[in-house]
Amino acid sequence: MKKIVLLALIIASFFSCQRNIKNEKDNVIAEHIDFDIPKINANKVVNDKADLLGYWVGEFDVNEKAADTSYKYDDDYSKKITFSIDKIEGTKIIGHSVVGGNIEKFEGKLINYTDDFEIHVKEPNSKTSNGKFVLNIAKNDSILKGDWVPYTKSNKVLQRKLSLKKKFFVYNPKNKIMFNYFDSEKFNVIKDTFYEEDSLGNTISSEAYEDQAYFTTTDTIFHLNPSTELFNKELVENLSKGDIFILRNLIFARHGFSFRDKMLRRYFDNIDWYMPVFSDVTKELTDIEKKNIDLLLRYEENAKEYYDVFGR
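Residues numbered from 1 in each chain as written. Predicted model: local features only at pLDDT ≥ 70, side-chain atom pairs only at ≥ 80, totals over all residues. Heavy atoms only, no water.

### Considering the overall build of the protein chain
Reasoning step 1: Helices and strands together make up the secondary structure of the protein chain, namely 5 helices and 10 strands.
Reasoning step 2: Expressed as a percentage of the 312 residues in the protein chain, the buried residues total 45%.
Reasoning step 3: A separation of at least 24 residues holds for 62% of the contacts in the protein chain among residues at least 6 apart in sequence.
Reasoning step 4: Taken as a whole, the protein chain presents about 17,000 Å² of accessible surface, with 49% of it coming from carbon and sulfur. (Helix = DSSP H or I, 4+ residues; strand = E, 2+ residues; numbered from the N terminus. Buried < 20%, exposed > 50% of the residue type's maximum accessible area, 1.4 Å probe, protein only. Contact = heavy atoms within 4.5 Å. Areas by Shrake-Rupley, 256 points an atom, 1.4 Å probe, with all protein chains shown as cover.)

### Details of the packing of aromatic side chains
Reasoning step 1: The final tally for this structure, using the stated rule, is 14 aromatic pairs.
Reasoning step 2: Here the aromatic rings of Phe106 and Phe133 are separated by 6.0 Å at their centres, their planes lie at 55°, and the arrangement is tilted. In this pair, Phe106 is assigned in strand β4 (residues 102-112) and Phe133 in strand β6 (residues 131-138), connecting sequence segments 27 residues apart.
Reasoning step 3: In this structure Phe106 comes out as buried when scored by relative accessible area, which is 2%.
Reasoning step 4: For Phe133, a relative accessible area of 1% gives the class buried.
Reasoning step 5: Clustering of aromatic rings is evident, with ring pairs tying together Phe179, Tyr181, Phe245, Phe252, Phe257, Phe259, Tyr267, Phe268 and Tyr274.
Reasoning step 6: Positioned above the aromatic ring of Phe117 is the side chain of Lys139, whose terminal nitrogen or guanidinium carbon lies 4.9 Å from the ring centre. (Phe/Tyr/Trp six-rings, centres within 6.5 Å; stacked < 30°, edge-to-face > 60°. Lys NZ or Arg CZ within 6 Å of the ring centre and 35° of its normal.)

### Examining the pairing of β4
Reasoning step 1: Pairing analysis gives 8 bridges linking strand β3 (residues 92-99) to β4, with the strands arranged antiparallel. Across the sheet, residue Val98 finds its bridge partner in β4, namely Ile103.
Reasoning step 2: Between the end of β3 and the start of β4, which pair antiparallel, lie 2 residues, with Gly100 showing a positive phi angle near 60°.
Reasoning step 3: Here β4 pairs with strand β5 (residues 116-122) via 6 bridges, running antiparallel. Of the residues in β5, the one forming a bridge with Asn112 is Phe117.
Reasoning step 4: Hairpin connection of β4 to β5: 3 residues between the antiparallel strands. (Pairing = 2+ DSSP bridges.)

### Considering unusual backbone geometry
Reasoning step 1: At Asn140, a residue that is not glycine, the phi angle is positive and equals roughly 70°.
Reasoning step 2: Considering the arrangement of structural elements, one finds Asn140 in the loop between β6 and β7 (143-150).

### Comments concerning the sheet that holds strand β2 (residues 78-89)
Backbone hydrogen bonds are what pair the strands of a sheet, in a parallel or an antiparallel way.
Reasoning step 1: One closed barrel holds the 8 strands; their spatial order is β1-β2-β3-β4-β5-β6-β7-β8, and the pairing between them is antiparallel. Strand-to-strand twist in this sheet, taken as the mean axis angle between neighbours without regard to direction, amounts to 30°. (Axes fitted to C-alpha atoms, helices over the stretch in contact; angles between N-to-C directions.)

### Comments concerning the side chain of Asp243
Reasoning step 1: With respect to the helices and strands, the residue Asp243 is situated in helix α3 (residues 241-254).
Reasoning step 2: Among the residues examined, Asp243 registers a relative accessible area of 2% and is labelled buried.
Reasoning step 3: Within polar-contact distance, the side chain of Asp243 engages the side chain of Thr218 at 2.8 Å. (Polar contact = N/O pair within 3.5 Å; in protein donor to acceptor, adjacent residues only side chain to side chain.)

### Looking at the pattern of salt bridges
Reasoning step 1: Scanning the entire structure with this criterion turns up 4 salt bridges.
Reasoning step 2: With a closest N to O distance of 3.4 Å, Lys92 and Glu107 form a salt bridge. You can see Lys92 sitting in strand β3 and its partner Glu107 sitting in strand β4, a full 15 residues away along the chain.
Reasoning step 3: Classification of Lys92 by relative accessible area gives partly exposed; the value is 34%.
Reasoning step 4: When the shortest N-O distance is used, the salt bridge between Glu104 and Lys127 registers 2.7 Å. With a gap of 23 residues between them, Glu104 in strand β4 and Lys127 in the loop between β5 and β6 connect regions that are remote in the sequence.
Reasoning step 5: On the accessibility criterion, Lys127 (34% relative accessible area) is partly exposed. (Salt bridge = Lys/Arg side-chain N within 4 Å of Asp/Glu carboxyl O.)

### Examining the environment of Pro276
Reasoning step 1: Summarising the element assignment, Pro276 is placed in the loop between α4 (262-269) and α5 (287-300).
Reasoning step 2: Assessed through its relative accessible area of 3%, Pro276 is described here as buried.
Reasoning step 3: For the pair formed by Pro276 and Ala253, sequence separation is 23 residues and the distance between their alpha carbons is 7.8 Å.
Reasoning step 4: Every residue in contact with Pro276, bar those within four places of it in the chain, is listed here: Lys80, Thr82, Val98, Gly256, Phe257 and Ser258.

### Let's talk about α3
Reasoning step 1: For α3, with 14 residues, the first-to-last C-alpha span of 20 Å sits near the 20 Å given by 1.5 Å per residue.
Reasoning step 2: Burial analysis of α3 places 14 of its 14 residues in the buried class, the great majority of the element.
Reasoning step 3: At the exit of α3 stands Gly256, carrying a positive phi of roughly 80°. (Expected span 1.5 Å × (residues − 1).)

### Observations concerning the packing of α3 against α5
Reasoning step 1: At a minimum axis separation of 10 Å, α3 and α5 run at an interaxial angle of 155°. Of the possible angle classes, the one that applies to α3 and α5 is roughly antiparallel. Crossing hand, α3 versus α5: left-handed. Across from Lys241, Ile244, Phe245, Leu247, Arg248, Ile251 and Phe252 in α3, the residues of α5 making contact are Glu289, Ile293, Leu296, Leu297, Tyr299 and Glu300.
Reasoning step 2: Grouping the amino acids of the contact of α3 with α5 by side-chain chemistry returns 9 nonpolar, no polar and 4 charged. (Parallel < 35°, antiparallel > 145°, perpendicular 65-115°, else oblique. Left-handed = near helix turned anticlockwise from the far one by under 90°. Nonpolar A, V, L, I, M, F, W, Y, C, P; charged D, E, K, R; others polar.)

What follows is the structure in structure tokens.
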């Protein structure tokens, strides 16, 4: 018992944010932007400019060499990005990027060298958080690399580097999640007392302590599928709030929804099959998914919210 309490207190001291935060009920929908769905061929190795068309997915990491060393990186240090090349007309290239729940169009030029392709595209300069991409891929290669440079330099908007692979988005209702969700910023402080007893069960000493119950999931989420199984109230009313929250958002993740919520992005970005592609997927939901979302939402508000780090 002492070891468990000690571990909880160590973790608690690591996270300085002492907040009780109610979980948001609905997904935050990004501003809807129309874009051309790219005509994608099956080639993942690039030899012709037509091979560039499609979704390129990978990490959108802070470029440490170009960053201010005084900047304290937060949880958005690394994000997953979908760089979509939608059209190539001669040397003109048109597309859009999907990252952090935001979709931005870009336009620029494609340079076809003897041994490689070079891409120079710009997002609209009406937003200070936008910037330009400079990417390169060698012919007979499958990795698109380069940088994104913001129009306005600050410690909030940093230059980033990219390493992307061509991927094909396919909705799969059986895509699985393999690890629990754990939100270090959402917890409830619990006051309790530890009693030390002798061999006869008599109390020798007592010590008051504070523990923290976190917003997390249990292993139940690995055994339920909200896209193929029609849930009932008897099942849902026994789920934790974290379980309900992730099972509901798993539906959206399978459809390529781009999450704006930082902790949801952080969770799903670490899942290989997840691709942020769309800002709104409501029209793509199946009848089973719609019914399950409605049921999960009805119980989510009143479900038990906080559990300790061990998922009890």
